[in-house]
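Chain residues, written in single-letter form:
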Amino acid sequence: MNTSADRETTRYVSRLADHVPVILAYWDQDQRCRYANRAYETWLGIEPGQVIGAAMRDVLGPQFFAANEANVDAVLRGMPQMFERTVAGPDGMPRHTLANYTPDVVEGKVVGFFVTVTDVGLVKSAQASLQSLVHSLTGDVEKSLGTLASLVQVQDSLAITLASIHAGFIATDRQGRVSRINAVAARLLALPEDDAMGALLWDVFVREDRDPAYR
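Below, the structure is looked at part by part. Everything numeric here is computed off the predicted structure, so don't read it as measured data. (Residues numbered from 1 in each chain as written. Predicted model: local features only at pLDDT ≥ 70, side-chain atom pairs only at ≥ 80, totals over all residues. Heavy atoms only, no water.)

Concerning the overall build of the protein chain
No. 1: The secondary structure content of the protein chain amounts to nine helices and seven strands.
No. 2: Looking at the protein chain as a whole, 29% of its 215 residues qualify as buried.
No. 3: Summarising the internal contacts of the protein chain: among those between residues at least 6 apart in sequence, 32% fall at separations of at least 24. (Helix = DSSP H or I, 4+ residues; strand = E, 2+ residues; numbered from the N terminus. Buried < 20%, exposed > 50% of the residue type's maximum accessible area, 1.4 Å probe, protein only. Contact = heavy atoms within 4.5 Å.)

Following this line, the structure appears as C-alpha cells:
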C-alpha cells in the first residue's frame, strides 16, 4: 500500500531525474522504453512521453541505432557496456557523450537495462587543450635541446681549434662557474682540469697557493 510518504518520495525522485543534465532511461528486453527523463527533450528534441513505450530503433533512428545495436545486444546478454558516441542535438550541434548500459537482472535473468548518457564535451575540450599544450611544450623542449646541442658543437669546434694553435679555452655557466676548460688553459693556469670544473672563474684566475708542479 502506497503511503503519502511513499508518494512524496516518488514525486521528488521523479523531479530529481528530470532536472539532472544526464539522459536516464530504462529499456525492457524487447528494447522498448519504460522510463525516460526530461533530458531526452533537451538532447534529442523528443518529449519523454513520446519515448515511453516506443522501440529504441524508432527513438534513435536507423543509423544511430545501428551504431549502438552491438552494445544493446551485449547488455541484454548481461554484459555492462560503456562507450563514447557523438550525438547531434536538435540544434544540429554535436555532443560528445559517454553512455553506460547496465543490465537489470532479476532471478538470474536479464529483464531489461538501465541507460545513462553524460555529456563529456567539456572534458574533451580540456583534453584537447592539454594535448595542444603538451605538444607545444614538447616542441619548445626539442628546440631548446637542439639549440643546446648546437652550442655544444660550437664549443667543441672552438676548443679543438684553440688547442691546435695552443690557445687556452674556458667556458662558464650563467653563475660564472667553469663548465669547460681545455688542457692548454689548465696548464697556463697551473690548475688541474678536474679542480677547475665547477669553480668560480675568478677563483680559477686568482690562486696564490698553486702547486709548484704547475708553475
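The rest of the description comes next.
Some points on the pattern of salt bridges
No. 1: Scanning the entire structure with this criterion turns up three salt bridges.
No. 2: Note that Arg-38 is salt-bridged to Glu-47, the shortest N-O span being 2.9 Å.
No. 3: On the basis of relative accessible area, Arg-38 is assigned to the partly exposed category, the value being 35%. (Salt bridge = Lys/Arg side-chain N within 4 Å of Asp/Glu carboxyl O.)

Observations concerning the sheet that holds strand β5 (residues 109–119)
No. 1: In space, the five strands of this open sheet follow the order β2-β1-β5-β4-β3, with antiparallel pairing throughout. Only two strands of the sheet have a single partner each, and these edge strands are β2 (33–36) and β3 (81–88). Direction aside, the axes of adjacent strands within the sheet are offset by 25° on average.
No. 2: Here ten bridges tie strand β4 (residues 94–106) to β5, and the two strands are oriented antiparallel to one another. Counted as the bridge partner of Asp-104 is Gly-112 from β5.
No. 3: Sitting on the sheet, helix α5 (residues 62–75) is in contact with β3, β4 and β5, with an inclination near 165° to β3. (Pairing = 2+ DSSP bridges. Axes fitted to C-alpha atoms, helices over the stretch in contact; angles between N-to-C directions.)

Structural notes on the environment of Pro-21
No. 1: As for its position among the elements, Pro-21 is in the loop between α1 (4–19) and β1 (22–28).
No. 2: A sequence separation of 21 residues divides Pro-21 from Thr-42, and the C-alpha atoms of the two residues are 8.8 Å apart.

Remarks on the nonpolar core
No. 1: Core analysis: the biggest nonpolar cluster contains 25 residues, and Trp-27, Tyr-40, Val-51, Val-59 and Phe-113 have the highest contact counts within it.
No. 2: At the level of secondary structure, the elements contributing two or more residues to this core comprise β1, β2, α2 (39–44), α4 (56–60), α5, β4 and β5.
No. 3: Per element, the largest residue contribution to this core is four residues, and it comes from β5.
No. 4: Apart from residues no more than four positions distant in its own chain, Val-59 is found in contact with Trp-27, Tyr-40, Ile-46, Val-51 and Ala-54.
No. 5: Among the nonpolar cores identified, the runner-up in size contains nine residues, and Val-178, Ile-181, Ala-186 and Ala-199 belong to it. (Core = buried A, V, L, I, M, F, W, Y, C linked by side-chain atoms within 4.5 Å.)

Overview of the packing of aromatic side chains
No. 1: This model, assessed by the stated rule, comprises three aromatic pairs.
No. 2: Relative to Phe-113, the ring of Tyr-101 lies with its centre 5.3 Å away and its plane at 40°, an arrangement referred to as tilted. Taken together, the residues Tyr-101 in strand β4 and Phe-113 in strand β5 connect sequence positions twelve residues apart. One exposure class covers both Tyr-101 and Phe-113, and it is buried.
No. 3: Among the aromatic residues, those joined into a ring-pair cluster are Phe-83, Tyr-101 and Phe-113. (Phe/Tyr/Trp six-rings, centres within 6.5 Å; stacked < 30°, edge-to-face > 60°.)

Side note on the environment of Cys-33
No. 1: Take Cys-33: it is sitting in strand β2.
No. 2: You can call Cys-33 buried: its relative accessible area is 0%.
No. 3: Sequence separation between Cys-33 and Pro-48 is 15 residues; the distance between their C-alpha atoms is 9.8 Å.

As for the pairing of strand β7 (residues 178–181)
No. 1: Sheet topology places strand β6 (residues 170–172) next to β7; three bridges connect them, and they run antiparallel. Bridge pairing in β7 links Thr-172 to Val-178.
No. 2: Counting the residues in the hairpin turn of β6 and β7 gives five residues, including Gly-176, whose phi is positive at 80°.

Some thoughts on the side chain of Asn-68
No. 1: Inspection of the secondary structure puts Asn-68 in helix α5.
No. 2: For Asn-68, a relative accessible area of 4% translates into the label buried.
No. 3: Those residues in contact with Asn-68 that lie beyond four places of it in its chain are Leu-60, Phe-83, Arg-85 and Tyr-101.

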